[in-house]
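A structural walkthrough
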Amino acid sequence: MRVKKFLAITLASTMLMSVAACGSTDDNKNSASATDENSITIWAWDEAFNIKAAQEAKDIYLETNPDAEINIVTMAQDDIVAKLNTSLSSSSYDGLPNIVLIEDYKSQGYLTSYEDEFAELSDIMNQDDFASYKTAVNQINGKVYGIPFDSGVTATFYRTDLIEQAGYTTEDMKNLTWEKYIEIGKAVKEKTGKDLCTLDPSDIGQIRMMMQSAGAWYTDADGKVSISNNQALKDAIKIYKDMVDSGCVKQISDWDQFVGALNNGEVASVVTGCWIAPSIKMADDQSGKWAVAEFPKMAANEDSVNASSIGGAGWYVLKNVGNTELAKDFLKNTFASNIELMNSLADSITLVSTLNAASEGENYSKANEFFGGQELFSDLAKWTSEVPSVNYGLNTYAIEDLMTEAVQAIVGGADVDSTLTEYQAQIEAAIGA
Amino acid sequence: MTKQAKILNIVQYIVLIILTIISVFPFFWMIVAATNPSVEVTKGTLTFGSYFTENLKTLLSSDLQFINAFKNSLFIAVITTTLAMIVSSAAGYAFEVYKNKTRDKVFNFVLLSMMVPFAALMVPLFRLFSNFNKVPVLENIGLNTNGSVIIIAIATAFLIFFFRQNTRTFPKDLIEAARIDGLGEFEIFARIYMPTMKSTYAAAVVVTFMTSWNNYLWPLIALQSPEKRTLPLILSAMGSSYTPDYGMMMTAVVISTLPTALLFFFMQKQFVAGMTGSVKG
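Parameters and conventions
- Residues numbered from 1 in each chain as written.
- Chains lettered and ligands numbered in written order.
- Predicted model: local features only at pLDDT ≥ 70, side-chain atom pairs only at ≥ 80, totals over all residues.
- Heavy atoms only, no water.
- Helix = DSSP H or I, 4+ residues; strand = E, 2+ residues; numbered from the N terminus.
- Rg over C-alpha atoms; globule rule 2.2 N^0.38 Å.
- Buried < 20%, exposed > 50% of the residue type's maximum accessible area, 1.4 Å probe, protein only.
- Lys, Arg positive; Asp, Glu negative; His and termini not counted.
- Charge placed at Lys NZ, Arg CZ, Asp CG, Glu CD.
- Pairing = 2+ DSSP bridges.
- Axes fitted to C-alpha atoms, helices over the stretch in contact; angles between N-to-C directions.
- Contact = heavy atoms within 4.5 Å.
- Domains from an automatic or database assignment.
- Buried area = accessible area lost by both parts, 1.4 Å probe.
- Polar contact = N/O pair within 3.5 Å; in protein donor to acceptor, adjacent residues only side chain to side chain.
- Nonpolar A, V, L, I, M, F, W, Y, C, P; charged D, E, K, R; others polar.

Check the secondary structure of chain A and you find 15 helices and 12 strands. In terms of overall dimensions, chain A is globule-like: its C-alpha atoms have a radius of gyration of 22 Å, near the 22 Å expected for 433 residues. Dimensions of chain A, computed from C-alpha atoms along their principal axes, come out at roughly 70 × 50 × 40 Å. With 433 residues in all, chain A has 60% of them scored as buried. The distance from the centre of the 31 positive side-chain charges to the centre of the 64 negative ones in chain A is 5 Å.

This is the structure in structure tokens:
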């Protein structure tokens, strides 16, 4: 079903792009959906996270602007993409939101295709206030269009009890490298019989994280596809293969099993974005047994640091829908600057903000009991500031679809260099580079 | 019964039982999941829990407007099915009963539209419907109206084709006899054809209702405001999340499955008869 939906949307998007190229001058511009001048609409996904954040922001904003009407709509991310593509490419603004949340990996694609549709936000935010890796993706041609929101900073979440049974301490988890991580994993498997972590062969997010930790991506700084000569990618694939071969990872096939393995205590750790914390915390019986360490770096790669990112999004304003000033004012007073909001969101939705000043909030220095009394947020905030900036390019997901096959081939024993050369050509053909 | 036949019989039953379990398991899992909190679902618990009312409460109190979406879906599905039965069956009937030169060419053209994927029609349709919004009367089927979802589903190539095929088995003598008895063409259709083809209609009702109930892509882009959304859109919105509430989602899915399941159970017999194309004249 997913595949079908995906195919349909991809095909549709391609069609849309070609229609967009024809340049449509529709006369129903500004037939704004927001008939009321004081009303704006926000689209976002994830009821337990982004929507709650938007609601808290709304409450704060209404205190000083009681006349404003703010509608928040929950929609799946794929649905937002499909609707934005259809409407923007036919220049029909009926029912479009004033503010929309866009994932970092996708933002450059939008800004490139539809730069004229987004409102410039340089006047309501200061790029220096945010983590530097986030401000690399929210601008194009030197103009800023997005307010960075959540941090996808990565970390190693691990079970202290299992690590100790394997003969290691929390000290060993500091300045972690992937090599050491696998070594610990083998010991854990031997002593406790549990796996080190889960691995989903159809999701190579792990490789993406490793690459970013070395300041690299599927695309180079200019946005050109960089596969065959990408040392960081090669190093990452090698570690990925080592992990599969080590025999201490549990293979899974979807998100459900991923979270299930954590909640069931089947694995000793997980290396992923900080947004996994609420899912880990769902298992009450494991309280106090978890701790968080830095993201492992790649020992073989000199550029690699103990910080990376996965996921994360930002808020964008659609300027042709109308009420742009109100939308900008809303963002200015909430997500672009409000430290109190960030502080309260840390508590309510475990948001790690990318607003640098947020780390001064009191909730950031609170000890977290579930994670053994660790000051979770101040650590995550610190690592957020260390994430290397990379250019995500326009086609992260399209490239990754093909790269997943390449990685599987290499894990299966194919030669690294020749496979990557072959896929470099394939990917260039696929995205028309 | 010989020994050999007995063994064969046992093997057959075993195979059938296995296949039944495979087909029923997802439904079983869905219902079990609806009675458990999210964390139990991810743990893979397979026993019934006592969390159903909690899940239901979360579902109803979330601002996704589930009840409203259910109403929208039901309204759209019922109206679509009713109209589609009238329009498509009349078309299928006409294609078979009235002979003329261009008939088959027109019919081929209709069939051809089955080959065009909906995704290719999406943008032209979207632009067309957004223009409807500016015209009086037509604005009732413009974007963001229930009408926009209904209108494009009432005459589908599949249904017309389906009715035409089944009309072949309809005894033409009945029409001749009715004409001699002085019935008008419309009355023949309404009073002779429709009652005779009950099982065909039943099959078509089930198919159309399900298609409309599950329709996703067009409602997604045509329905703009949150209070107009249908069930598939709401379910989809629940899915994309860092920490999805599986218990609530499954409760929503169980409730969404009910209408189609009930419809199918009630019309099962006619559905099978209609699909195999038998007419009891």
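Attention now moves to the sheet that holds strand β6 (residues 146-148) of chain A. Residue and element names in this part refer to chain A. On the basis of which strands lie adjacent, the open sheet formed by 5 strands has the order β2-β1-β3-β12-β6 and mixed pairing. Whereas interior strands pair on both sides, the edge strands pair on one side only; in this sheet they are β2 (69-74) and β6. Neighbour to neighbour, the strand axes of the sheet diverge by 25° on average, direction disregarded. Its contacts with the sheet place helix α2 (residues 50-64) against β1 (39-44), β2, β3 (99-103) and β12 (313-317), and it is angled at close to 175° to β2.

All names here are of chain A. Taken as a whole, chain A is organised into domain 1 (34-150 + 312-360) and domain 2 (154-308 + 395-431). The gap between the C-alpha centroids of domain 1 and domain 2 is 30 Å. At the interface, 7 residues of domain 1 touch 8 residues of domain 2. Interface area for domain 1 against domain 2, summed over the two sides, is near 660 Å², with a carbon-plus-sulfur share of 61%. It is Y105, T350 and V352 that lose the most area in domain 1 upon contact with domain 2, and together they represent 69% of the buried surface on that side. Inspection of the region where domain 1 meets domain 2 yields 2 residue pairs in polar contact (both at pLDDT 80 or more). Its residues placed into classes, the side of domain 1 that touches domain 2 shows 4 nonpolar, 1 polar and 2 charged.

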